[in-house]
Amino acid sequence: LVVAMFRKMAPERLATLRDARARGDHAKVTRVVHSLKPQLVNFHNDHFTELCARITAPEAYVNKARWAADLDAFESGITAVLKKFDH
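This section reports on the structure supplied with the text. The numbering scheme is per chain: residues are counted from 1 as the chain's sequence reads. Side-chain atom pairs in this predicted model are given and counted only at pLDDT of 80 or more, local residue features only at pLDDT of at least 70, and totals for whole chains, interfaces and linings cover all residues. By convention in this description, side-chain values take in all heavy atoms of the structure and omit both hydrogens and water.

**A word on the packing of helix α1 (residues 2-23) against helix α2 (residues 26-43)**
Under this scheme, a helix contributes an axis fitted over its contacting stretch, all axes are lines through C-alpha atoms, and angles between N-to-C directions fall in the 0 to 180 degree range. Each helix is a run of DSSP H or I of at least 4 residues and each strand a run of E of at least 2, with the numbering of both proceeding from the N terminus. Viewed as axis vectors pointing N to C, α1 and α2 meet at an angle of 150°, and their least axial separation amounts to 10 Å. In terms of orientation, α1 and α2 fall into the roughly antiparallel class. Regarding α1 and α2, the two cross each other, and that crossing is left-handed. Contacts from Val-2, Val-3, Phe-6, Met-9, Ala-10, Arg-13, Thr-16, Leu-17, Ala-20 and Arg-21 in α1 reach Lys-28, Val-29, Arg-31, Val-32, Val-33, Ser-35, Leu-36, Gln-39, Leu-40, Asn-42 and Phe-43 in α2. Residue polarity is assigned by list, with Asp, Glu, Lys and Arg as charged and Ala, Val, Leu, Ile, Met, Phe, Trp, Tyr, Cys and Pro as nonpolar; anything else, Gly included, falls into the polar class. Each residue belonging to the contact of α1 with α2 can be placed in one class, and the counts come to 13 nonpolar, four polar and four charged. Oblique is the label for any angle not under 35 degrees, not over 145, and not in the 65 to 115 range, which are roughly parallel, roughly antiparallel and roughly perpendicular in turn. Two helices crossing with the near one rotated counterclockwise from the far one by less than a right angle form a left-handed crossing, whereas a clockwise rotation gives a right-handed crossing. When checking whether two residues touch, look at their non-hydrogen atoms; a contact exists if any pair is within 4.5 Å.

Okay, structure coming up:
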């Protein structure tokens, strides 16, 4: 059930994340990460737990390069999980 929900919801949430990121809407990016975190942590606990915590931390955007790298890793991680479930 969790996998089915993730497969249905994740592509739209990923598109929303990319749009918010492109517009510089940090609050929306944080909300999207929060919405995906429960499922992602269930699939890859350590990796996504740490990544989500860094992205959503109040001071996360202060280090713009780190924040961007974390978002890149988050996006690629979602894509990898989706590909894993397509097989």
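**Considerations on the side chain of Thr-16**
Along the chain, the position of Thr-16 falls in helix α1. For Thr-16, a relative accessible area of 19% puts it in the buried group. For Thr-16, the residues in contact, after removing those within four places along its chain, are Lys-28 and Val-32. Under the scheme applied here, a residue whose accessible area is under 20% of the maximum for its type counts as buried, over 50% as exposed, and between as partly exposed, the area being computed with a 1.4 Å probe on protein chains only.

**As for α2**
Expected helix span is given by 1.5 Å per residue-to-residue step, counting one fewer step than there are residues. With 18 residues, α2 extends 25 Å between its outermost C-alpha atoms, agreeing within 8% with the 26 Å of an ideal straight helix rising 1.5 Å per residue. Two axes define the bend at a residue: one fitted to the seven residues ending there, one fitted to the seven starting there, and the bend is the angle between them. Maximum bend of α2: about 50°, positioned at Lys-37, with proline Pro-38 one to four residues after it. Those residues of α2 that fall on the buried side of the exposure criterion are Val-29, Val-32, Val-33, Leu-36, Gln-39, Leu-40 and Phe-43.

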